[in-house]
Amino acid sequence: MRFRLRYVRDRLTFWYVVVFGLVLVAYIGGAAFLLFWQLTSQMYHAEIQDVETAEGLLYFTPDGRLAIHEEYHNHPQSRLLLDRLMEVLTPEGQVLFRNEQLRGRELGGAPFAGEGHSGYYERSIRLADGTRVLLISHIHSIDGKPLLIRLAYSTELLTHRLVEFLILLLLALPIALVVAGFAGYRMAGKVLTPLEQMAQQTEQITTTRLHDRIPVENPNDELGHMALVLNGLLHRFEEALEQSKRFSSDVSHELRTPLASIRSVGEVGLQRDHTAEGYRDIIGSMLEEVARLTHMIETLLTMSRADAGQITLQKTTFPFMDLLHEIAGLVGVLAEEKEQKIILEGNGGIALHGDKTFLGQAIMNLLDNAVKYAPAGSEIRLRLREISVASEEERIAELTIENEGPAIPKELRERVFDRFFRIDEARSRDAGGVGLGLSIAKWAVAAHGGEIGIQESGAMHCTFYLRLPIAKPE
Amino acid sequence: MNILLIEDEHKLAAAVSEGLAAHHHTTAVAYTGEAGLKLLRNGRFDLILLDVMLPRQSGLETLRELRRDGFHLPVLILTSRDSIEDRVLGLDAGADDYLVKPFAFPELLARVRALSRRGAPISASHLELADLKIDLNGRTAHRAGKTLDLTGREFDLLEYLLVNRGTVVSREMLARSVWKESSRSTALENVIDVQIARLRRKIDDPFPIKLLHTVRGVGFVLREEE
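Please read these numbers as outputs of a predicted model, since none were measured by experiment.

1. Here we look at the overall build of chain A
Here is step 1: Summing up its helical and strand segments, chain A has eight helices and 14 strands in all.
Here is step 2: Looking at the 474 residues of chain A, the share that counts as buried comes to 38%.
Here is step 3: Nonlocal contacts in chain A, meaning residues at least 24 apart in sequence, comprise 61% of its contacts between residues at least 6 apart.
Here is step 4: Total accessible area on chain A stands at roughly 28100 Å², and carbon and sulfur atoms take up 57% of it.

As structure tokens, this is what we get:
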């Protein structure tokens, strides 16, 4: 099973400590390496100076042995250098001198060709007993004889110091980590507390207290942004719920109206005797209300299915104008009854890709409305054109339906598309509407990626517009 | 025709069987699927009207069972759910047609008639009622020897009414059969009313005997009043 910390705070602290520890270890390693490198180069430097000093102190005794002036040992600055190991050889490899500190051990063995010829040759070797030394070789002439001088210091002290340094730092590491962990935990807590508070506040917001909002302390930081986003969500949710509440109360109201009619007509009809004709009338009147109820329920079901995304559009590509002709032909008889003229004009080349039934219904509802509200003998104008949009990808067709009916007041232009909304309650009820035609039209157009609305026009003009994406050529 | 009606709603069952009796069908009613199957095994029926929402054994189960038992008679499903899935389920279970509640009675009659004459379509070139005659091939209509000047839509409407003469047709039936629109809308119903009014003006107004009648709250019928 994978190890996993439950809380964000713990996770943040954990990773903080891990990263901090890794950085510290890298830092310690780097520091130790730098120190080692610095000390080594310092040591080589000291050795070079020492070689130069020693060269001046070497001399050949009259019997041909190589010796070194003893006063050198008294040199006060060279106390450290008492540990120096020194060997002098002929370039051929014959050992001429080994100092006491070497205690007979070889210092580097046989010389290789060219050793020490060009300046000071540095290397690190191990003596026979395992002591690691830093060795420097240099060719120097004494009395005209070239001599290979080798001088070395043990690195023991250096290593010892380095190890001490490392141990000290490594001992401090856990302490540093504990301190860092504690600080990190506090810090994470401080950052997360507002989040926790937000969660608690959000928890208190229930469907009955949806108007509550999360307080925003600083709208510009991440948490403030989060709070704003949550508040936006709450707002939309509240609106949706409000709409749904209004819708259910509207539905029950709307269902009650025809039911009330049925009941009254039936009850009153039974109060006294009627002729067969009279009863037929009573029953017929009740059935008319039943038809209205049925229609309303069917429409509501369609809408709830649309809301739930359960309606699949049967899309085909067809000329927009054909659909307009079809619908104008259908609704034409209604216009003729009022001696109105339906005039179709515009671009016949515009094709749509969509569900003909739903789009047709949307346009039919709009046109039916236009016929209903326009005065007798007037003209209803349908204009189809392509409108220019910024995007090159998408082309938009606009259909305007203009009639000479009374203009819809500005404040109602959005609301006429709401379910059950009627501008004039009594009037459209007589016309047999249930107040759902425009909201169905709106849904159908929106489902095709279009929009529907009312245009600003004169007092005695009412213009609906409908914009839909033009079908892309195959 | 002998019709078996399986429907648990007593009021609806009584109304439907009375309505069918008025159109010369005999109806046996069962209130559960089990009772329906028992009746079916003991009698001879030409058609079943089957409610989907039945207590205990559901309508679809009943349907599957009777199909499994080898009954091939047409079945018309009555359902209060009309989502496409529900229709597909019903047709898959072996139904021949479905009708969504609340249905108009003329609609039910029309479906019953359609199912009973399935496989034997009526092909006439002339239809007539009293002194009204139409020629389906020439698409002309005459009344009392006078030619009626009808538009295409008016002719289709008259033809449909004549085919169903004597029975009431609802607006939904007209919308579907004459206007080929599957969805109901107020606009279309207004259109239908206007078209009926115009047709009446042409075929009835000039003549003393009226043939096209409105049955308030139900629909329209073409018939000779006694």
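2. Some points on the sheet that holds strand β10 (residues 169-170) of chain B
Residues and elements named next belong to chain B.
Here is step 1: The strand order β10-β12-β11 describes an open sheet built from three strands, whose pairing is antiparallel. Only two strands of the sheet have a single neighbouring strand rather than two, namely β10 and β11 (212-215).
Here is step 2: Pairing of β11 with strand β12 (residues 219-222), which is carried by four bridges, proceeds in the antiparallel orientation. What sits directly across from Thr-214, in β12, is Phe-220.
Here is step 3: Strand contacts of helix α6 (residues 152-163): β10, β11 and β12, with the helix running at about 75 degrees to β12, the strand carrying the most contacts.

3. Focus: the interface of chain A and chain B
Here is step 1: Tallying the contact residues gives 25 residues for chain A and 22 residues for chain B.
Here is step 2: Across the chain A/chain B interface, buried area totals approximately 2100 Å², and carbon plus sulfur atoms make up 53% of it.
Here is step 3: Considering only the surface of chain A that becomes buried against chain B, His-295, Leu-330 and Val-333 of chain A emerge as the three largest contributors, covering 24% of it.
Here is step 4: With a closest N to O distance of 2.6 Å, Glu-336 of chain A and Arg-198 of chain B form a salt bridge.
Here is step 5: For the pair chain A and chain B, the number of links is four residue pairs in polar contact (both at pLDDT 80 or more).
Here is step 6: Broken down by secondary-structure element, the contributors of at least two residues to the side of chain A that touches chain B are α4 (276-307), α5 (320-337) and α6 (356-373) of chain A.

4. Some words on unusual backbone geometry
All names here are of chain B.
Here is step 1: For the peptide bond that leads from Lys-101 to Pro-102, omega is 0 degrees, which places it in the cis range.
Here is step 2: Considering the arrangement of structural elements, one finds Pro-102 in the loop between β5 (97-100) and α5 (105-116).
Here is step 3: Positive phi is not limited to glycine here, since Arg-139 has a value of about 50 degrees.
Here is step 4: Here Arg-139 is to be found in the loop between β7 (132-135) and β8 (140-143).
Here is step 5: The partly exposed category is assigned to Arg-139, whose relative accessible area is 41%.
Here is step 6: Its identity as a non-glycine residue notwithstanding, Lys-180 has a phi of 55 degrees, on the positive side.

5. Some words on the packing of aromatic side chains
Residue and element names in this part refer to chain A.
Here is step 1: Across all of its chains, the model carries five aromatic pairs over all chains by this definition.
Here is step 2: Ring geometry for Tyr-16 against Phe-20: centres 6.3 Å apart, planes inclined by 20 degrees, an arrangement best described as stacked. Remark: Phe-20 and Tyr-16 occur in helix α1 (residues 8-57); sequence separation between them is four residues, near one turn of the helix.
Here is step 3: With a relative accessible area of 34%, Tyr-16 lands in the partly exposed category.
Here is step 4: Between Phe-358 and Trp-443, the ring centres sit 5.1 Å apart and the planes meet at 85 degrees, which makes this aromatic pair edge-to-face. Taken together, the positions of Phe-358 in helix α6 and Trp-443 in helix α8 (residues 437-447) put the pair 85 residues apart, joining distant regions of the chain.
Here is step 5: Against the face of Phe-60 rests Lys-145, its NZ or CZ located 4.8 Å from the ring centre.
Here is step 6: The ring of Tyr-465 carries the charged tip of Arg-467 above its face, separated from the ring centre by 4.2 Å.

6. Section: the nonpolar core
Here is step 1: The biggest cluster of nonpolar side chains holds 78 residues, and the ones touching the most others in it are Phe-320 and Leu-399 of chain A together with Leu-158, Leu-161, Leu-174, Trp-179 and Leu-222 of chain B.
Here is step 2: It is α5 of chain A that provides the largest number of residues to this core, a total of 10 residues.
Here is step 3: Sequence-distant contacts of Leu-222 of chain B, defined by excluding residues within four places in its chain, comprise Leu-129, Leu-132, Leu-158, Leu-161, Leu-162, Arg-165, Gly-166, Ile-203, Leu-211 and Leu-212 of chain B.
Here is step 4: One finds Tyr-44, Phe-60, Val-88 and Ile-149 of chain A within the second-largest nonpolar core, a separate group that totals 20 residues.

Quick notes on the rules
Residues numbered from 1 in each chain as written. Chains lettered and ligands numbered in written order. Predicted model: local features only at pLDDT ≥ 70, side-chain atom pairs only at ≥ 80, totals over all residues. Heavy atoms only, no water. Helix = DSSP H or I, 4+ residues; strand = E, 2+ residues; numbered from the N terminus. Buried < 20%, exposed > 50% of the residue type's maximum accessible area, 1.4 Å probe, protein only. Contact = heavy atoms within 4.5 Å. Areas by Shrake-Rupley, 256 points an atom, 1.4 Å probe, with all protein chains shown as cover. Pairing = 2+ DSSP bridges. Axes fitted to C-alpha atoms, helices over the stretch in contact; angles between N-to-C directions. Buried area = accessible area lost by both parts, 1.4 Å probe. Salt bridge = Lys/Arg side-chain N within 4 Å of Asp/Glu carboxyl O. Polar contact = N/O pair within 3.5 Å; in protein donor to acceptor, adjacent residues only side chain to side chain. Phe/Tyr/Trp six-rings, centres within 6.5 Å; stacked < 30°, edge-to-face > 60°. Lys NZ or Arg CZ within 6 Å of the ring centre and 35° of its normal. Core = buried A, V, L, I, M, F, W, Y, C linked by side-chain atoms within 4.5 Å.

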